[in-house]
Amino acid sequence: MSETANVCDIIIFGGHGDLSLRKLIPALYHLCSDGYLAAPSRIIATSREETSREEHVALVREKLQLFLKSDCFIEEKWEAFEKKLEVVTLDLGIDESYEALANMLGEFPERERVNYLSTAPSFFGPICKALGHWGLITPQSRVVLEKPIGRDLVSSQAINDEVSRYFEEQAIFRIDHYLGKDTVQNIIAMRFSNMLFMPLWNGQDIDHIQITAAESVGLEGRHSYYEDYGAFRDMIQNHLMQLLCLVAMEPPCSLDADSIRDEKVKVLRSLRPFTPDDVREKTVRGRYKAGVIDAQKVPGYLEEGVSSDSNTETFAAVRVDVDNWRWKGVPFYLRTGKRMSKRYTEIVVQFKEVPYQIFANKGRCISPNRLVIMLQPEESIKLKIMTKTPGLSEQMHLQEMALDLNIPENAPRTPEAYERLLLDVIRNNATLFMRRDEVEAAWKWADPILSEWEAGAVPLKNYAAGSDGPSSSIAMIERDGRSWYEEL
Ligand code: BG6
(Lines give C-alpha, C1' and ligand atoms only; values in the text may rest on other atoms or scores of the structure.)
Protein backbone atom coordinates (compact mmCIF):
# COMPACT_ATOMS: atom_id res chain seq x y z
CA MET A 1 0.00 0.00 0.00
CA SER A 2 1.40 3.39 -0.91
CA GLU A 3 1.12 6.26 1.54
CA THR A 4 -0.23 9.30 -0.27
CA ALA A 5 1.87 12.35 0.41
CA ASN A 6 0.41 15.78 1.13
CA VAL A 7 -1.43 17.72 -1.54
CA CYS A 8 1.13 19.91 -3.25
CA ASP A 9 1.88 22.08 -6.23
CA ILE A 10 5.02 21.00 -8.06
CA ILE A 11 6.37 23.74 -10.26
CA ILE A 12 8.98 22.69 -12.80
CA PHE A 13 10.99 25.66 -14.04
CA GLY A 14 12.36 24.63 -17.42
CA GLY A 15 9.33 22.36 -17.73
CA HIS A 16 9.80 21.72 -21.45
CA GLY A 17 13.52 21.03 -21.15
CA ASP A 18 15.13 17.66 -21.72
CA LEU A 19 15.49 16.70 -18.04
CA SER A 20 11.90 17.56 -17.29
CA LEU A 21 10.39 15.64 -20.19
CA ARG A 22 12.81 12.72 -20.08
CA LYS A 23 13.07 12.14 -16.31
CA LEU A 24 10.95 14.36 -14.04
CA ILE A 25 7.56 14.05 -15.69
CA PRO A 26 7.89 10.26 -16.20
CA ALA A 27 8.88 9.97 -12.52
CA LEU A 28 5.81 11.99 -11.50
CA TYR A 29 3.64 9.82 -13.73
CA HIS A 30 4.89 6.73 -11.87
CA LEU A 31 4.29 8.38 -8.49
CA CYS A 32 0.79 9.29 -9.57
CA SER A 33 0.08 5.80 -10.95
CA ASP A 34 1.35 4.18 -7.76
CA GLY A 35 -0.90 6.38 -5.65
CA TYR A 36 1.76 8.63 -4.12
CA LEU A 37 0.41 11.96 -5.38
CA ALA A 38 -2.64 13.26 -3.56
CA ALA A 39 -5.44 13.79 -6.06
CA PRO A 40 -5.73 17.61 -6.17
CA SER A 41 -1.94 18.09 -6.52
CA ARG A 42 -0.83 19.99 -9.59
CA ILE A 43 2.27 19.68 -11.78
CA ILE A 44 2.88 23.11 -13.25
CA ALA A 45 5.46 23.34 -16.02
CA THR A 46 6.87 26.68 -17.03
CA SER A 47 7.59 27.21 -20.69
CA ARG A 48 9.25 30.12 -22.47
CA GLU A 49 7.21 29.50 -25.60
CA GLU A 50 3.54 30.51 -25.48
CA THR A 51 1.85 27.13 -24.89
CA SER A 52 -1.80 26.27 -24.31
CA ARG A 53 -2.78 23.60 -21.81
CA GLU A 54 -3.95 21.35 -24.68
CA GLU A 55 -0.58 21.67 -26.42
CA HIS A 56 1.23 20.96 -23.18
CA VAL A 57 -0.86 17.89 -22.41
CA ALA A 58 -0.27 16.57 -25.95
CA LEU A 59 3.49 17.13 -25.60
CA VAL A 60 3.64 15.37 -22.22
CA ARG A 61 1.65 12.42 -23.57
CA GLU A 62 3.96 12.09 -26.57
CA LYS A 63 7.09 12.21 -24.39
CA LEU A 64 5.72 9.76 -21.84
CA GLN A 65 5.02 7.29 -24.62
CA LEU A 66 8.58 7.81 -25.79
CA PHE A 67 10.41 7.66 -22.47
CA LEU A 68 8.36 5.26 -20.34
CA LYS A 69 8.95 1.55 -20.65
CA SER A 70 6.39 0.26 -23.13
CA ASP A 71 4.09 -1.49 -20.65
CA CYS A 72 4.02 1.46 -18.22
CA PHE A 73 1.84 3.83 -20.24
CA ILE A 74 -1.67 2.85 -19.25
CA GLU A 75 -4.60 4.85 -20.57
CA GLU A 76 -6.56 4.98 -17.30
CA LYS A 77 -3.47 5.98 -15.30
CA TRP A 78 -2.79 8.67 -17.87
CA GLU A 79 -6.31 10.05 -17.46
CA ALA A 80 -5.68 10.60 -13.74
CA PHE A 81 -2.23 12.06 -14.38
CA GLU A 82 -3.34 14.36 -17.16
CA LYS A 83 -5.75 16.13 -14.79
CA LYS A 84 -2.80 17.32 -12.72
CA LEU A 85 -0.97 18.99 -15.63
CA GLU A 86 -0.80 22.75 -15.95
CA VAL A 87 1.47 25.06 -17.92
CA VAL A 88 2.38 28.72 -17.60
CA THR A 89 4.30 30.79 -20.08
CA LEU A 90 7.18 32.41 -18.29
CA ASP A 91 10.53 33.95 -19.17
CA LEU A 92 12.75 32.89 -16.28
CA GLY A 93 14.85 36.04 -16.28
CA ILE A 94 11.96 38.55 -16.48
CA ASP A 95 10.32 39.36 -13.20
CA GLU A 96 7.02 40.60 -14.66
CA SER A 97 6.45 37.35 -16.51
CA TYR A 98 5.83 35.50 -13.21
CA GLU A 99 2.37 37.02 -12.88
CA ALA A 100 0.51 34.08 -14.45
CA LEU A 101 2.30 31.68 -12.12
CA ALA A 102 1.53 33.90 -9.14
CA ASN A 103 -2.16 33.86 -10.06
CA MET A 104 -2.20 30.11 -10.44
CA LEU A 105 -0.41 29.45 -7.15
CA GLY A 106 -2.54 32.08 -5.42
CA GLU A 107 -5.60 29.83 -5.86
CA PHE A 108 -4.20 27.60 -3.06
CA PRO A 109 -1.95 29.76 -0.91
CA GLU A 110 -1.68 27.19 1.94
CA ARG A 111 -0.61 24.31 -0.26
CA GLU A 112 2.85 22.73 -0.04
CA ARG A 113 5.02 23.94 -2.94
CA VAL A 114 7.93 22.22 -4.59
CA ASN A 115 9.84 24.59 -6.88
CA TYR A 116 12.02 22.39 -9.07
CA LEU A 117 14.71 24.47 -10.84
CA SER A 118 15.48 22.31 -13.84
CA THR A 119 17.45 25.13 -15.46
CA ALA A 120 21.00 26.35 -15.91
CA PRO A 121 22.43 27.47 -12.54
CA SER A 122 22.62 31.05 -13.78
CA PHE A 123 18.81 31.15 -13.41
CA PHE A 124 18.71 29.90 -9.81
CA GLY A 125 19.21 33.39 -8.36
CA PRO A 126 16.76 35.20 -10.69
CA ILE A 127 14.04 32.57 -10.17
CA CYS A 128 14.33 32.71 -6.36
CA LYS A 129 14.34 36.50 -6.49
CA ALA A 130 11.20 36.58 -8.62
CA LEU A 131 9.46 34.05 -6.36
CA GLY A 132 10.35 36.28 -3.42
CA HIS A 133 9.18 39.42 -5.21
CA TRP A 134 5.80 37.88 -6.05
CA GLY A 135 5.34 36.59 -2.49
CA LEU A 136 5.36 32.98 -3.68
CA ILE A 137 7.71 31.65 -1.01
CA THR A 138 5.57 30.43 1.88
CA PRO A 139 6.60 28.41 4.94
CA GLN A 140 5.43 25.36 2.96
CA SER A 141 7.74 26.09 -0.01
CA ARG A 142 10.83 24.12 -0.94
CA VAL A 143 13.29 24.57 -3.75
CA VAL A 144 15.10 21.83 -5.62
CA LEU A 145 18.40 22.67 -7.31
CA GLU A 146 19.72 20.51 -10.09
CA LYS A 147 23.44 20.01 -10.38
CA PRO A 148 25.87 21.50 -11.31
CA ILE A 149 25.96 23.90 -8.38
CA GLY A 150 28.75 26.07 -9.70
CA ARG A 151 31.93 25.13 -11.52
CA ASP A 152 34.24 25.75 -8.55
CA LEU A 153 34.05 26.67 -4.89
CA VAL A 154 33.63 30.41 -5.45
CA SER A 155 30.83 30.10 -8.01
CA SER A 156 29.05 27.48 -5.91
CA GLN A 157 29.20 29.76 -2.87
CA ALA A 158 27.76 32.58 -4.96
CA ILE A 159 24.82 30.38 -6.05
CA ASN A 160 24.23 29.12 -2.52
CA ASP A 161 24.35 32.68 -1.17
CA GLU A 162 21.81 33.87 -3.71
CA VAL A 163 19.37 31.02 -3.09
CA SER A 164 19.72 31.27 0.68
CA ARG A 165 18.62 34.90 0.57
CA TYR A 166 15.14 33.53 -0.18
CA PHE A 167 15.05 29.96 1.19
CA GLU A 168 16.21 28.57 4.54
CA GLU A 169 18.81 25.78 4.26
CA GLN A 170 16.27 23.13 5.34
CA ALA A 171 14.02 24.15 2.42
CA ILE A 172 16.84 23.78 -0.15
CA PHE A 173 17.06 20.34 -1.76
CA ARG A 174 20.27 19.95 -3.80
CA ILE A 175 19.74 16.94 -5.96
CA ASP A 176 22.30 14.34 -6.97
CA HIS A 177 20.25 11.74 -8.75
CA TYR A 178 22.78 8.99 -7.97
CA LEU A 179 21.58 9.12 -4.37
CA GLY A 180 18.10 8.18 -5.53
CA LYS A 181 19.24 4.93 -7.13
CA ASP A 182 17.97 1.96 -5.16
CA THR A 183 21.33 0.20 -4.99
CA VAL A 184 22.97 3.34 -3.65
CA GLN A 185 20.57 3.29 -0.72
CA ASN A 186 21.36 -0.40 -0.43
CA ILE A 187 24.96 0.55 0.36
CA ILE A 188 23.68 2.13 3.56
CA ALA A 189 21.41 -0.84 4.28
CA MET A 190 24.13 -3.37 3.59
CA ARG A 191 26.85 -1.62 5.54
CA PHE A 192 24.84 -0.81 8.61
CA SER A 193 22.49 -3.76 8.96
CA ASN A 194 24.99 -6.61 8.54
CA MET A 195 27.56 -7.40 11.17
CA LEU A 196 29.48 -9.39 8.55
CA PHE A 197 31.06 -6.34 6.94
CA MET A 198 31.59 -4.23 10.03
CA PRO A 199 34.93 -5.65 11.23
CA LEU A 200 36.30 -5.91 7.66
CA TRP A 201 35.45 -2.40 6.52
CA ASN A 202 38.81 -0.73 7.00
CA GLY A 203 42.40 -0.52 5.82
CA GLN A 204 43.41 -3.70 7.63
CA ASP A 205 41.24 -5.89 5.43
CA ILE A 206 40.47 -3.82 2.35
CA ASP A 207 43.19 -3.31 -0.24
CA HIS A 208 41.52 -0.64 -2.34
CA ILE A 209 38.19 0.50 -3.77
CA GLN A 210 37.28 1.29 -7.37
CA ILE A 211 34.33 3.34 -8.57
CA THR A 212 33.61 3.38 -12.29
CA ALA A 213 30.82 5.18 -14.13
CA ALA A 214 31.21 4.34 -17.80
CA GLU A 215 28.80 5.50 -20.48
CA SER A 216 28.62 4.38 -24.07
CA VAL A 217 26.62 7.45 -25.09
CA GLY A 218 28.27 10.68 -26.18
CA LEU A 219 26.96 14.12 -25.36
CA GLU A 220 23.42 13.73 -26.69
CA GLY A 221 23.17 17.33 -27.86
CA ARG A 222 24.53 18.84 -24.61
CA HIS A 223 27.80 20.14 -26.07
CA SER A 224 27.49 23.71 -24.90
CA TYR A 225 26.91 22.62 -21.29
CA TYR A 226 29.60 19.95 -21.47
CA GLU A 227 32.24 22.24 -22.98
CA ASP A 228 31.97 24.34 -19.80
CA TYR A 229 32.08 21.43 -17.38
CA GLY A 230 33.78 18.28 -18.69
CA ALA A 231 33.79 14.82 -17.13
CA PHE A 232 35.33 15.77 -13.79
CA ARG A 233 32.80 18.47 -12.94
CA ASP A 234 29.92 16.57 -14.55
CA MET A 235 30.44 13.25 -12.75
CA ILE A 236 33.36 13.02 -10.33
CA GLN A 237 32.85 16.11 -8.16
CA ASN A 238 29.26 15.06 -7.45
CA HIS A 239 28.02 11.56 -8.37
CA LEU A 240 31.21 9.60 -7.80
CA MET A 241 32.12 11.63 -4.72
CA GLN A 242 28.71 10.87 -3.21
CA LEU A 243 29.25 7.15 -3.83
CA LEU A 244 32.67 7.41 -2.21
CA CYS A 245 31.14 9.11 0.82
CA LEU A 246 28.54 6.38 1.33
CA VAL A 247 31.18 3.68 1.08
CA ALA A 248 33.65 5.47 3.35
CA MET A 249 31.49 7.16 5.98
CA GLU A 250 31.29 6.13 9.63
CA PRO A 251 28.01 4.70 10.95
CA PRO A 252 25.58 7.60 11.40
CA CYS A 253 23.84 7.83 14.76
CA SER A 254 20.44 7.64 13.02
CA LEU A 255 18.97 7.75 9.53
CA ASP A 256 17.84 11.34 9.78
CA ALA A 257 19.06 13.76 7.15
CA ASP A 258 21.64 15.58 9.22
CA SER A 259 23.15 12.48 10.83
CA ILE A 260 23.90 11.01 7.41
CA ARG A 261 25.06 14.31 5.96
CA ASP A 262 27.31 14.97 8.96
CA GLU A 263 29.10 11.69 8.29
CA LYS A 264 29.42 12.34 4.56
CA VAL A 265 30.87 15.78 5.10
CA LYS A 266 33.47 14.31 7.47
CA VAL A 267 34.65 12.06 4.64
CA LEU A 268 34.85 15.02 2.25
CA ARG A 269 36.90 16.95 4.76
CA SER A 270 39.25 13.99 5.15
CA LEU A 271 40.10 13.82 1.45
CA ARG A 272 43.81 14.35 1.01
CA PRO A 273 44.38 17.68 -0.76
CA PHE A 274 46.18 17.48 -4.10
CA THR A 275 49.56 19.13 -4.60
CA PRO A 276 50.55 20.06 -8.18
CA ASP A 277 52.76 16.94 -8.27
CA ASP A 278 49.87 14.74 -7.11
CA VAL A 279 47.72 16.14 -9.90
CA ARG A 280 50.32 15.07 -12.48
CA GLU A 281 50.77 11.61 -10.95
CA LYS A 282 47.30 10.69 -9.77
CA THR A 283 44.92 12.11 -12.34
CA VAL A 284 44.20 11.32 -15.99
CA ARG A 285 42.25 13.27 -18.59
CA GLY A 286 41.05 11.85 -21.85
CA ARG A 287 38.99 12.75 -24.90
CA TYR A 288 37.39 10.29 -27.27
CA LYS A 289 38.26 10.13 -30.91
CA ALA A 290 36.25 8.31 -33.55
CA GLY A 291 35.63 4.63 -32.93
CA VAL A 292 33.08 1.84 -32.97
CA ILE A 293 30.45 1.10 -30.31
CA ASP A 294 28.02 -1.80 -30.69
CA ALA A 295 29.19 -2.25 -34.27
CA GLN A 296 28.29 1.38 -35.11
CA LYS A 297 30.89 3.95 -36.15
CA VAL A 298 30.79 7.02 -33.94
CA PRO A 299 32.57 10.34 -34.49
CA GLY A 300 35.21 11.80 -32.20
CA TYR A 301 34.43 14.64 -29.76
CA LEU A 302 36.03 17.26 -31.98
CA GLU A 303 34.00 16.12 -34.97
CA GLU A 304 30.73 16.88 -33.18
CA GLY A 305 30.68 20.63 -33.71
CA VAL A 306 32.97 21.51 -30.82
CA SER A 307 35.65 24.13 -31.37
CA SER A 308 38.95 22.57 -32.48
CA ASP A 309 40.82 24.27 -29.63
CA SER A 310 38.52 22.64 -27.02
CA ASN A 311 40.37 21.46 -23.93
CA THR A 312 37.43 19.61 -22.37
CA GLU A 313 37.90 16.07 -21.05
CA THR A 314 35.32 13.38 -21.74
CA PHE A 315 37.16 10.92 -19.48
CA ALA A 316 38.66 11.47 -16.06
CA ALA A 317 40.36 9.17 -13.58
CA VAL A 318 41.77 10.01 -10.19
CA ARG A 319 43.31 8.27 -7.20
CA VAL A 320 41.77 9.59 -4.01
CA ASP A 321 43.12 9.10 -0.49
CA VAL A 322 40.96 9.49 2.58
CA ASP A 323 43.12 10.56 5.48
CA ASN A 324 41.46 9.11 8.55
CA TRP A 325 41.95 6.11 10.83
CA ARG A 326 39.65 3.78 8.93
CA TRP A 327 41.01 4.38 5.45
CA LYS A 328 44.71 4.90 5.99
CA GLY A 329 46.56 3.21 3.12
CA VAL A 330 43.40 2.37 1.12
CA PRO A 331 43.28 4.22 -2.21
CA PHE A 332 39.98 4.91 -3.93
CA TYR A 333 40.29 4.86 -7.74
CA LEU A 334 37.56 6.78 -9.54
CA ARG A 335 36.99 6.92 -13.29
CA THR A 336 34.27 8.03 -15.63
CA GLY A 337 33.98 8.53 -19.35
CA LYS A 338 31.67 9.05 -22.29
CA ARG A 339 31.73 6.79 -25.35
CA MET A 340 33.30 3.91 -23.49
CA SER A 341 32.88 0.27 -24.54
CA LYS A 342 29.70 -0.21 -22.50
CA ARG A 343 27.47 1.48 -19.97
CA TYR A 344 28.02 0.40 -16.41
CA THR A 345 28.39 1.93 -12.98
CA GLU A 346 30.05 -0.19 -10.40
CA ILE A 347 31.79 -0.05 -7.04
CA VAL A 348 34.38 -2.74 -6.36
CA VAL A 349 35.62 -3.22 -2.83
CA GLN A 350 38.73 -5.36 -3.10
CA PHE A 351 39.82 -7.12 0.06
CA LYS A 352 43.44 -8.01 0.83
CA GLU A 353 44.95 -11.32 -0.18
CA VAL A 354 45.09 -14.12 2.38
CA PRO A 355 48.26 -13.74 4.45
CA TYR A 356 49.73 -17.09 3.40
CA GLN A 357 48.90 -19.28 0.43
CA ILE A 358 48.49 -23.02 1.10
CA PHE A 359 46.74 -23.94 -2.17
CA ALA A 360 48.76 -24.79 -5.28
CA ASN A 361 45.75 -24.22 -7.55
CA LYS A 362 47.64 -25.35 -10.67
CA GLY A 363 49.36 -22.03 -11.12
CA ARG A 364 46.04 -20.25 -11.47
CA CYS A 365 45.69 -17.14 -9.48
CA ILE A 366 43.71 -17.12 -6.28
CA SER A 367 41.69 -13.95 -6.45
CA PRO A 368 41.25 -11.76 -3.43
CA ASN A 369 37.64 -11.39 -2.25
CA ARG A 370 35.69 -8.63 -3.87
CA LEU A 371 32.38 -7.07 -3.14
CA VAL A 372 31.01 -5.87 -6.47
CA ILE A 373 28.13 -3.41 -6.26
CA MET A 374 26.62 -2.85 -9.68
CA LEU A 375 24.34 0.18 -10.00
CA GLN A 376 23.58 -0.16 -13.70
CA PRO A 377 22.69 -1.44 -16.22
CA GLU A 378 21.49 -4.07 -13.73
CA GLU A 379 21.34 -3.47 -10.02
CA SER A 380 23.17 -6.23 -8.20
CA ILE A 381 25.51 -6.96 -5.34
CA LYS A 382 27.93 -9.88 -5.56
CA LEU A 383 30.47 -11.14 -3.10
CA LYS A 384 33.27 -12.92 -4.93
CA ILE A 385 34.81 -15.72 -2.92
CA MET A 386 37.08 -18.71 -3.59
CA THR A 387 35.60 -22.20 -3.30
CA LYS A 388 36.70 -25.74 -4.11
CA THR A 389 36.18 -26.95 -7.67
CA PRO A 390 33.99 -30.08 -7.43
CA GLY A 391 35.75 -33.37 -8.18
CA LEU A 392 38.11 -36.02 -6.93
CA SER A 393 41.45 -34.56 -8.01
CA GLU A 394 44.23 -35.23 -5.56
CA GLN A 395 45.14 -31.62 -5.15
CA MET A 396 42.43 -29.27 -4.11
CA HIS A 397 41.65 -26.84 -6.92
CA LEU A 398 39.91 -23.56 -6.32
CA GLN A 399 37.56 -21.41 -8.31
CA GLU A 400 36.05 -18.00 -7.84
CA MET A 401 32.30 -18.02 -7.22
CA ALA A 402 29.87 -15.21 -6.56
CA LEU A 403 27.48 -15.04 -3.67
CA ASP A 404 24.75 -13.32 -5.54
CA LEU A 405 22.57 -10.86 -3.66
CA ASN A 406 20.55 -9.96 -6.72
CA ILE A 407 17.07 -8.63 -6.48
CA PRO A 408 14.77 -11.48 -7.53
CA GLU A 409 13.35 -11.18 -11.02
CA ASN A 410 9.74 -11.21 -9.81
CA ALA A 411 10.36 -8.35 -7.37
CA PRO A 412 8.21 -5.24 -7.88
CA ARG A 413 9.54 -2.65 -10.34
CA THR A 414 12.57 -0.80 -8.93
CA PRO A 415 11.67 2.89 -8.90
CA GLU A 416 13.79 5.30 -10.93
CA ALA A 417 16.10 7.60 -8.98
CA TYR A 418 13.96 10.67 -9.68
CA GLU A 419 10.82 8.98 -8.34
CA ARG A 420 12.44 8.39 -4.98
CA LEU A 421 13.93 11.89 -4.87
CA LEU A 422 10.79 13.75 -5.94
CA LEU A 423 8.74 11.85 -3.40
CA ASP A 424 11.28 12.69 -0.72
CA VAL A 425 11.00 16.40 -1.54
CA ILE A 426 7.22 16.15 -1.38
CA ARG A 427 7.56 14.38 1.98
CA ASN A 428 10.09 17.00 3.08
CA ASN A 429 12.80 14.42 3.75
CA ALA A 430 16.27 15.76 2.88
CA THR A 431 18.31 12.64 3.73
CA LEU A 432 19.22 11.93 0.10
CA PHE A 433 20.03 15.54 -0.78
CA MET A 434 23.29 17.43 -0.45
CA ARG A 435 23.72 20.02 2.21
CA ARG A 436 25.56 23.23 1.37
CA ASP A 437 28.69 22.26 3.33
CA GLU A 438 28.91 18.96 1.42
CA VAL A 439 28.80 20.61 -1.99
CA GLU A 440 31.37 23.17 -0.91
CA ALA A 441 33.70 20.59 0.66
CA ALA A 442 33.62 18.61 -2.59
CA TRP A 443 34.52 21.74 -4.58
CA LYS A 444 37.28 22.60 -2.15
CA TRP A 445 38.84 19.21 -2.83
CA ALA A 446 38.27 19.43 -6.60
CA ASP A 447 39.50 22.99 -7.17
CA PRO A 448 43.28 22.34 -7.05
CA ILE A 449 42.91 19.49 -9.54
CA LEU A 450 40.83 21.57 -11.91
CA SER A 451 43.09 24.60 -11.74
CA GLU A 452 46.18 22.48 -12.50
CA TRP A 453 44.31 20.95 -15.40
CA GLU A 454 43.31 24.36 -16.66
CA ALA A 455 46.96 25.45 -16.44
CA GLY A 456 47.82 22.55 -18.76
CA ALA A 457 49.64 20.35 -16.20
CA VAL A 458 47.93 17.15 -17.37
CA PRO A 459 47.64 16.75 -21.14
CA LEU A 460 44.47 15.37 -22.68
CA LYS A 461 45.04 11.80 -23.89
CA ASN A 462 43.03 10.44 -26.77
CA TYR A 463 41.08 7.22 -26.51
CA ALA A 464 39.11 5.46 -29.19
CA ALA A 465 35.35 5.58 -28.74
CA GLY A 466 34.33 2.07 -27.70
CA SER A 467 37.46 1.50 -25.58
CA ASP A 468 37.98 1.66 -21.82
CA GLY A 469 39.57 5.09 -21.86
CA PRO A 470 43.18 6.19 -22.37
CA SER A 471 46.02 3.80 -21.56
CA SER A 472 47.33 6.29 -19.01
CA SER A 473 44.39 5.39 -16.76
CA ILE A 474 45.56 1.77 -16.81
CA ALA A 475 49.12 2.96 -16.17
CA MET A 476 47.97 5.11 -13.24
CA ILE A 477 46.53 2.16 -11.31
CA GLU A 478 49.29 -0.23 -12.43
CA ARG A 479 51.93 2.06 -10.94
CA ASP A 480 50.38 1.10 -7.59
CA GLY A 481 50.59 -2.62 -8.47
CA ARG A 482 46.83 -2.89 -9.09
CA SER A 483 44.51 -3.11 -12.08
CA TRP A 484 41.00 -2.05 -13.03
CA TYR A 485 38.54 -4.81 -12.27
CA GLU A 486 37.11 -6.68 -15.26
CA GLU A 487 34.29 -9.16 -14.81
CA LEU A 488 35.52 -12.42 -16.37
C1 BG6 B 1 24.22 13.42 -15.33
C2 BG6 B 1 25.31 13.92 -16.21
O3 BG6 B 1 24.24 14.05 -14.08
O4 BG6 B 1 24.36 12.02 -15.15
C5 BG6 B 1 25.30 13.21 -17.54
O6 BG6 B 1 25.17 15.32 -16.39
C7 BG6 B 1 25.34 11.72 -17.34
O8 BG6 B 1 26.37 13.63 -18.36
C9 BG6 B 1 24.27 11.28 -16.36
O10 BG6 B 1 25.10 11.11 -18.61
C11 BG6 B 1 24.44 9.82 -16.02
O12 BG6 B 1 23.36 9.39 -15.25
P13 BG6 B 1 22.96 7.87 -15.21
O14 BG6 B 1 21.90 7.79 -14.17
O15 BG6 B 1 22.52 7.48 -16.58
O16 BG6 B 1 24.22 7.13 -14.82
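Residues numbered from 1 in each chain as written. Predicted model: local features only at pLDDT ≥ 70, side-chain atom pairs only at ≥ 80, totals over all residues. Heavy atoms only, no water.

Examining the overall build of the chain
Now for step 1: Of the regular secondary structure elements, the chain holds 13 helices and 17 strands.
Now for step 2: Its C-alpha atoms give the chain a radius of gyration of 24 Å, within 12% of the compact-globule value 23 Å for 488 residues.
Now for step 3: C-alpha atoms of the chain, sized along the principal axes, occupy 80 × 55 × 50 Å.
Now for step 4: Expressed as a percentage of the 488 residues in the chain, the buried residues total 53%.
Now for step 5: Per element, the accessible surface of the chain, about 22300 Å² overall, is 51% carbon and sulfur. (Helix = DSSP H or I, 4+ residues; strand = E, 2+ residues; numbered from the N terminus. Rg over C-alpha atoms; globule rule 2.2 N^0.38 Å. Buried < 20%, exposed > 50% of the residue type's maximum accessible area, 1.4 Å probe, protein only. Areas by Shrake-Rupley, 256 points an atom, 1.4 Å probe, with all protein chains shown as cover.)

As for the pairing of strand β5 (residues 141-145)
Consecutive side chains along a regular strand alternate between the two faces of the sheet.
Now for step 1: Most of β5 sits out of view: five of its five residues are buried.
Now for step 2: Side-chain alternation along β5 places S141, V143 and L145 on one buried face and R142 and V144 on a second face that is also buried.
Now for step 3: The sheet contact formed by strand β4 (residues 112-117) and β5 spans five bridges and is parallel. Along β5, the bridge assignment pairs R113 with S141.
Now for step 4: After leaving β4, the chain enters helix α5 (residues 124-133) and then returns to the sheet as β5, a path that is right-handed.
Now for step 5: Here β5 runs beside strand β6 (residues 172-174); their pairing, made up of three bridges, is parallel. Note that in β6 the partner of V143 across the bridge is I172.
Now for step 6: Read as a crossover between parallel neighbours, the route from β5 over helix α6 (residues 153-164) to β6 is right-handed. (Pairing = 2+ DSSP bridges. Right-handed = clockwise from strand over helix to strand, strands pointing away.)

Details of the pattern of salt bridges
Now for step 1: Throughout the structure, instances matching the rule amount to 35 salt bridges.
Now for step 2: With a closest N to O distance of 3.3 Å, R280 and D277 form a salt bridge. Highlighted residues: R280 and D277, both in helix α10 (residues 276-282), separated by three residues, approximately one helical turn.
Now for step 3: In this structure R280 comes out as partly exposed when scored by relative accessible area, which is 42%.
Now for step 4: Bridged by salt links that share partners, the residues D258, R261, D262, R269, R435 and D437 form one connected network. (Salt bridge = Lys/Arg side-chain N within 4 Å of Asp/Glu carboxyl O.)

Considerations on the site of the ligand
Now for step 1: Taken together, K147, H177, Y178, K181, E215, R222, D234, M235, H239, K338, R343 and Q376 make up all the residues around the ligand.
Now for step 2: Take E215: an N or O atom from its side chain is 2.5 Å from an oxygen atom of the ligand.
Now for step 3: Here an oxygen atom of the ligand sits 2.5 Å away from a polar atom, N or O, in the side chain of Q376.
Now for step 4: Considering the ligand on its own, with 390 Å² of exposed area, one finds that the protein chains cover 83% of that surface.
Now for step 5: Ranked by residues supplied to the shell around the ligand, first place goes to helix α8 (residues 223-248) with three residues.
Now for step 6: For the shell around the ligand, the residue count by class is two nonpolar, three polar and seven charged. (Near = heavy atom within 4 Å. Polar contact = N/O pair within 3.5 Å; in protein donor to acceptor, adjacent residues only side chain to side chain. Nonpolar A, V, L, I, M, F, W, Y, C, P; charged D, E, K, R; others polar.)

Quick word on the nonpolar core
Now for step 1: Within the largest apolar cluster, 144 residues are counted, with the highest numbers of intra-cluster contacts made by F81, L101, L244 and W445.
Now for step 2: Here this core gets 15 residues from one element, more than from any other, and that element is α8. (Core = buried A, V, L, I, M, F, W, Y, C linked by side-chain atoms within 4.5 Å.)

Some words on the environment of G466
Now for step 1: By the element assignment, G466 lies in the loop between β17 (460-464) and α13 (471-478).
Now for step 2: Its relative accessible area of 27% is what places G466 among the partly exposed residues.
Now for step 3: For the pair G466 and D277, spaced 189 residues apart in the sequence, the C-alpha separation amounts to 31 Å.
Now for step 4: With near-sequence residues (within four places) excluded, G466 lies in contact with V292, I293, R339, M340 and S341. (Contact = heavy atoms within 4.5 Å.)

Structural notes on unusual backbone geometry
Note: most peptide bonds trans; most residues except glycine with negative phi.
Now for step 1: For the bond running from K147 to P148, omega is 5 degrees, close enough to zero to count as cis.
Now for step 2: Assignment of secondary structure puts P148 in the loop between β5 and α6.
Now for step 3: With an omega of 10 degrees, the peptide bond between Q376 and P377 qualifies as cis.
Now for step 4: Tracing the backbone through its elements, the reader meets P377 in the loop between β14 (370-376) and β15 (380-388).
Now for step 5: Phi at R339 is positive, roughly 55 degrees, even though this residue is not glycine.
Now for step 6: Structurally, the position occupied by R339 is in the loop between β12 (332-337) and β13 (344-351).
Now for step 7: With a relative accessible area of 14%, R339 lands in the buried category.
Now for step 8: For N428, which is not a glycine, the phi torsion comes out positive at approximately 65 degrees.

Observations concerning the sheet that holds strand β3 (residues 85-89)
Now for step 1: Spatially, the six strands line up as an open sheet ordered β3-β2-β1-β4-β5-β6, and their pairing is parallel. Where the open sheet ends on each side, the last strands, each with one partner, are β3 and β6. Between one strand axis and the next, the sheet turns through 20 degrees on average, direction left out of account.
Now for step 2: The strands touched by helix α2 (residues 53-67) within the sheet are β2 (42-47) and β3, with β3 carrying the most contacts at an inclination of about 120 degrees.
Now for step 3: The strands that helix α11 (residues 417-426) touches are β1 (8-13), β4, β5 and β6; relative to β4, the one it contacts most, it runs at about 140 degrees. (Axes fitted to C-alpha atoms, helices over the stretch in contact; angles between N-to-C directions.)

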